[in-house]
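For reference, the chains in residue letters:
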Amino acid sequence: MAVAGTLGPRLDRERFQWSSLLMLAPGLALLGGLFLGPVLYAFYIGFTNLALVGSRSRDYSFTGLENVTRMLGDYVFVKSSWLTILFVVGSAIVGQSVLGMLLAILLRNAVVPIRVVVGSVVIVAWVLPEITVALIWYAFSQAGGTLSILLGHTSSNYLVLVPMLIVSVANLWRNVAFSMLVFSAGLRNLPSEVLEAAEVEGASVWRRYRLVILPLLRPTIVTNLLLVTILNLSEFTLIYAMTQGGPGIETTTLPIYVYQEAFVFHQLGYGTAISLVLVLIGAIFSLLFVRASRSQV
Amino acid sequence: MLSEVRFEGVHKIFGTENAVEDLNLTVNAGEFLVLVGPSGCGKTTTLRMLAGLERPSYGRILIGGKLVNNVSPRFRDVAMVFQSYALYPHMNVYDNLAFGMRARGAANDHVGRRVRETAEVLGLGHLLKRRPSELSGGQRQRVALGRALIRQPQVFLMDEPLSNLDAGLRVQMRAELSRLHQRFRVTTVYVTHDQVEAMTMGDRIAVMNAGRLQQVDAPETLYDNPANLFVAGFIGSPRMNFVPGKLTSANGRSSVTFLGITTPLSTGARLTAGADDSEVTVGIRPEDLMWRPAAGPDCTLTLAATVDVVEPMGHEAYVTALCAGETVTSRFPPRSGVRTQERVELALNPARLHLFDAQSGMTILQRPQAAGVDTLRSVGEARTNDSARGRSERQGEPEARGATTRSEEIS
């Protein structure tokens, strides 16, 4: 506006009040000391040869890109990265989200008793401690376990035959409640008149979901994807309790490999470098989702 | 195709609350029926039952003679305009308009042609690429309307479509909706709480209160011969004055005493049976209660009053006055010069009085011109058809002509 230049500085501009710095100081100190410091330190450690025990635990040094070069030639790391992506995409992004969405849709249209019973069962699975879930699925997939009986091969140990599939399904079984709750909340908040308009206009159920409900749920879907990716990328307890990364390295996802390198083989520097890759993968997924969330509505 | 809509003994119960009770109503083919009433009176529920968005608890709903109680909204061939417009926020105007036709499997080139035609009729031609968030309230309203028009449904349902517009735009859209109805003559059920919309747009008005239909009639009939106290008070602004009165009869002639005066009932007016010698509520419209200097010769009654409040409206003034212990409102000419606490004389034409039973609230006075005021019982076809036809003819739009115009321009 032409008038803005002639009247001097605007009275309603936002200004930082320096006196508030005193109030912010404790929070800033905690944030710096407990969060920013350790993160930067971990970043530094990732480029050293620090070990958990031995001489290198005291006399470690900055090694530049040595850890990175080692990673690129490390067959276990490459396989582990691939398994991590498979686990996150298969179990979390596809499995948990799709099944969570289906459950949310079914429960939305279900009569109250079914909604209460199914909803409760799904949430109970989520509330169970991971170690209990691991035990349930371990027993379920063993030779002579329920799964082998159901499939008619009582001597087959499915945790050995298809270990990645079993841990992925166990993880999906446990965490699906999260996506279901997120999507249920999203569905509840959709403008009911818009959905009714689509119905009166003659759109079939499939068409209503494809062209109206899912596009309107887009922000919820993206939020869910972002959260389940971050939560599942660092999944450790369930997999380790079920397989310890085995058989061989068949279920050694990056968190398991980080643990093994850092605390079993005492290679703290290298382990930290691998965990930085985990952070990088998480950042890439997050960036993709945040871009997708720029709603066009 | 013009379709009749019929409600037969329809009830809707939510929990323990009766939202709609024993609704019997026929909307004639091609008619514009306005459902009006205060919030929570059941008018929107009635409309939603007709759309198929609510199922009636009891009774039958027929569209074009076909029972639709168990027909999904998809297959009812009705189009609805929602109060919030309910546009698809992620689609542009073109896709919003095309959605219904595509859902019904229309060919792409046909959809394109119809979208452009409809957009042209509604002045949306230049906005087809925009999303609803980039449109003004009036433009959104037109898109919502276009979405209904484009499909050529059997029935239009409109749920307070103008209530989110500002006053000026509302007047403009009111006229536009009436024009569109004149042109296409699709059976329309229009829900509103605004009596001005009801009076100006409806071929007939159905007044509802507390889930019950109170009266169905042409606007003028409803205004001149309200069936009960509720209708009398709801239709008309400012509201009709209600004062207590007493009915007496001597030598076969009935008189009513109110506000300290007694007047015989006008010749020709007939009391319903058993109404003699009883307490009544006398209804007087503010425009029938005039300032003596401005009153005509047929205002034979005079009342003394003290002015309490004067509300100048520009073209007239509403004067609230105390008269024999009752507060009454009357319409004064502008610049009458009366002031608060001034003593004035009010004039009244006895033929314009309305009488209601003090207990039941039902009208007890039947005027010669009112062909059946007790509409609660007589929302019968013969009469409702007659009044709808009478209005169409007055507007110079016989149904046949309307239908031809529609098929030429929209098909």
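Everything numeric here is computed off the predicted structure, so don't read it as measured data.

Participant: If you had to explain the overall build of chain B to someone new, which residues and values would you point to?
Facilitator: Tallying secondary structure elements over chain B gives 10 helices and 22 strands in all. Relative to its 411 residues, chain B shows a buried fraction of 42%. Taking contacts inside chain B between residues at least 6 apart in sequence as the whole, the part at least 24 apart equals 68%.

Participant: How would you summarise the overall build of chain A if you had to cite specific residues and measurements?
Facilitator: Each helix and strand in chain A was counted, giving 14 helices and zero strands. If you list the helices and strands of chain A from N to C, you get α-α-α-α-α-α-α-α-α-α-α-α-α-α. The C-alpha atoms of chain A give 25 Å as radius of gyration, which overshoots the globular expectation for 297 residues (19 Å, by more than 25%). Taken along its principal axes, the extent of the C-alpha atoms in chain A is 70 × 65 × 35 Å. Per-residue burial over chain A gives 32% buried out of 297 residues. Within chain A, residue pairs in contact and separated by at least 24 positions form 68% of the contacts whose partners lie at least 6 positions apart.

Participant: Quick one: what's the story with the interface of chain B and chain A, residue by residue and with numbers?
Facilitator: Residue-level contacts link 18 residues of chain B with 16 residues of chain A. Secondary structure elements with two or more residues in the side of chain B that touches chain A: β6 (78-81) and α2 (93-103) of chain B.

Participant: Hey, could you go over the sheet that holds strand β20 (residues 343-348) of chain B for me, with residue numbers and the actual values?
Facilitator: Residue and element names in this part refer to chain B. In spatial order, the strands read β16-β20-β17-β18-β19; together these five strands make up an open sheet with antiparallel pairing. On the outer flanks of this sheet lie β16 (289-291) and β19 (326-332), each paired with one strand and no other. On average, each strand axis in the sheet is inclined to that of its neighbour by 50 degrees, with strand direction left out of account. With six bridges connecting them, strand β17 (residues 301-312) and strand β18 (residues 317-323) associate as antiparallel partners. Bridge pairing links Val-309 to Thr-320 in β18.

Participant: Just give me the short version of the environment of B:Gln154, but keep the residues and values in it.
Facilitator: All names here are of chain B. As for its placement among the helices and strands, Gln-154 is situated in the loop between α4 (137-149) and β7 (155-159). In this structure Gln-154 comes out as buried when scored by C-beta crowding, with 20 C-beta atoms within 10 Å. Sequence separation between Gln-154 and Arg-116 is 38 residues; the distance between their C-alpha atoms is 21 Å.

Participant: So, the pairing of strand β4 (residues 58-63) of chain B: which residues are in play, and what are the values?
Facilitator: All names here are of chain B. When strand β1 (residues 5-14) meets β4, the two strands line up antiparallel, connected through five bridges. Bridge pairing in β4 links Phe-7 to Ile-61. Where β4 and strand β5 (residues 66-67) come together, two bridges link them in antiparallel fashion. Looking at β5, one finds that Leu-62 is bridged to Leu-67. With antiparallel pairing between neighbouring strands as the criterion, β4 and β5 make up a hairpin whose turn holds two residues, including Gly-64 at a positive phi of roughly 60 degrees.

Participant: Explain the confidence of the model for chain A to me, using residue names and the numbers behind them.
Facilitator: The share of residues in chain A with pLDDT of 70 or more is 97%, and the mean pLDDT across the chain is 88. By mean pLDDT, helix α1 (residues 2-6) of chain A is the weakest element of chain A at 67, and helix α10 (residues 192-200) of chain A is the strongest at 93.

Participant: Explain the packing of helix α11 (residues 205-233) of chain A against helix α14 (residues 268-293) of chain A to me, and be specific about the residues and the numbers.
Facilitator: All names here are of chain A. Interhelical geometry of α11 versus α14 gives an angle of 175 degrees and a closest axis separation of 9 Å. Taken together, the axes of α11 and α14 lie roughly antiparallel to each other. Across the interface between the two elements, Pro-219, Val-222, Leu-225, Leu-226, Thr-229, Ile-230 and Leu-233 of α11 pack against Leu-278, Ile-281, Gly-282, Phe-285, Ser-286, Phe-289, Ala-292 and Ser-293 of α14. Of the residues that constitute the contact of α11 with α14, the class distribution is 11 nonpolar, four polar and no charged.

Participant: Can you lay out helix α2 (residues 20-45) of chain A for me, pointing to particular residues and giving the numbers?
Facilitator: Compared with an ideal rise of 1.5 Å per residue, which puts 26 residues at 38 Å, α2(A) spans 35 Å between its outermost C-alpha atoms and is within 8% of the ideal. Along its length, α2(A) reaches its greatest deviation from straightness, about 40 degrees, at A:Gly32.

Participant: Explain the pairing of strand β2 (residues 17-27) of chain B to me, using residue names and the numbers behind them.
Facilitator: Residues and elements named next belong to chain B. Sheet topology note: the β1/β2 ladder contains seven bridges and is antiparallel. Pairing of Phe-7 across the sheet is with Leu-25, part of β2. Here β1 folds back onto β2, and the loop between the two strands holds two residues, one of which, Gly-15, carries a positive phi near 60 degrees.

Participant: Lay out the packing of α10(A) against α11(A) with the relevant residues and their values.
Facilitator: Packed helix pairs are specified by the crossing angle of their axes together with the interaxial distance, meaning the distance between the axes. Residue and element names in this part refer to chain A. In the contact formed by α10 and α11, the axes pass within 11 Å of each other and the chain directions differ by 150 degrees. As for the relative orientation of α10 and α11, their crossing is right-handed in sense. In this structure, α10 contributes Val-194, Leu-195, Ala-198 and Glu-199 to the contact, and α11 contributes Arg-208, Val-212 and Ile-213. When grouped by side-chain class, the residues that make up the contact of α10 with α11 number five nonpolar, no polar and two charged.

Participant: Give me the lowdown on the sheet that holds strand β10 (residues 212-217) of chain B, citing residues and values where you can.
Facilitator: Residues and elements named next belong to chain B. Across the sheet, six strands lie side by side as β6-β7-β8-β3-β9-β10; this open sheet has mixed pairing. The open sheet has two edge strands with one neighbour each: β6 and β10. Strand-to-strand twist across the sheet, computed as the mean angle between neighbouring axes with direction ignored, equals 15 degrees. The pairing of β6 with β7 spans four bridges and is parallel. Following the sheet pairing, Val-81 is matched in β7 by Met-158. Here α4 sits on the sheet in contact with β6 and β7, set at roughly 175 degrees to β6.

Participant: Lay out the environment of A:Met180 in plain terms, naming residues and giving numbers.
Facilitator: Residue and element names in this part refer to chain A. Tracing the backbone shows Met-180 in helix α9 (residues 163-188). Taking the C-alpha atoms as reference points, Met-180 and Leu-102, separated by 78 residues in sequence, lie 8.0 Å from one another. Setting aside anything within four residues of it in sequence, one finds Met-180 in contact with Gly-100, Leu-103, Ala-104 and Val-122.

Participant: Now, about the nonpolar core: what can you tell me, with residues and values included?
Facilitator: For soluble globular proteins, the rule of thumb is that nonpolar side chains tend to be buried together. B:Leu35, B:Met80, B:Leu157, B:Val189 and B:Leu346 are the most contacted members of the largest nonpolar core, which totals 107 residues. Look past the residues within four positions of B:Leu35 in its chain and what remains in contact with it is B:Lys43, B:Thr46, B:Leu47, B:Val189, B:Tyr190, B:Val191, B:Ala206 and B:Met208. The next biggest cluster of nonpolar side chains, apart from the first, holds 46 residues, and it includes A:Leu83, A:Phe183, A:Met242 and A:Leu254.

Thresholds, definitions, all that
- Residues numbered from 1 in each chain as written.
- Chains lettered and ligands numbered in written order.
- Predicted model: local features only at pLDDT ≥ 70, side-chain atom pairs only at ≥ 80, totals over all residues.
- Helix = DSSP H or I, 4+ residues; strand = E, 2+ residues; numbered from the N terminus.
- Buried ≥ 20, exposed ≤ 12 C-beta atoms within 10 Å, placed from the backbone.
- Contact = placed C-beta atoms within 7 Å.
- Rg over C-alpha atoms; globule rule 2.2 N^0.38 Å.
- Pairing = 2+ DSSP bridges.
- Axes fitted to C-alpha atoms, helices over the stretch in contact; angles between N-to-C directions.
- pLDDT = per-residue confidence, 0-100.
- Parallel < 35°, antiparallel > 145°, perpendicular 65-115°, else oblique.
- Nonpolar A, V, L, I, M, F, W, Y, C, P; charged D, E, K, R; others polar.
- Expected span 1.5 Å × (residues − 1).
- Bend = angle between axes of the 7 residues up to and from the residue.
- Left-handed = near helix turned anticlockwise from the far one by under 90°.
- Core = buried A, V, L, I, M, F, W, Y, C linked by C-beta atoms within 7 Å.

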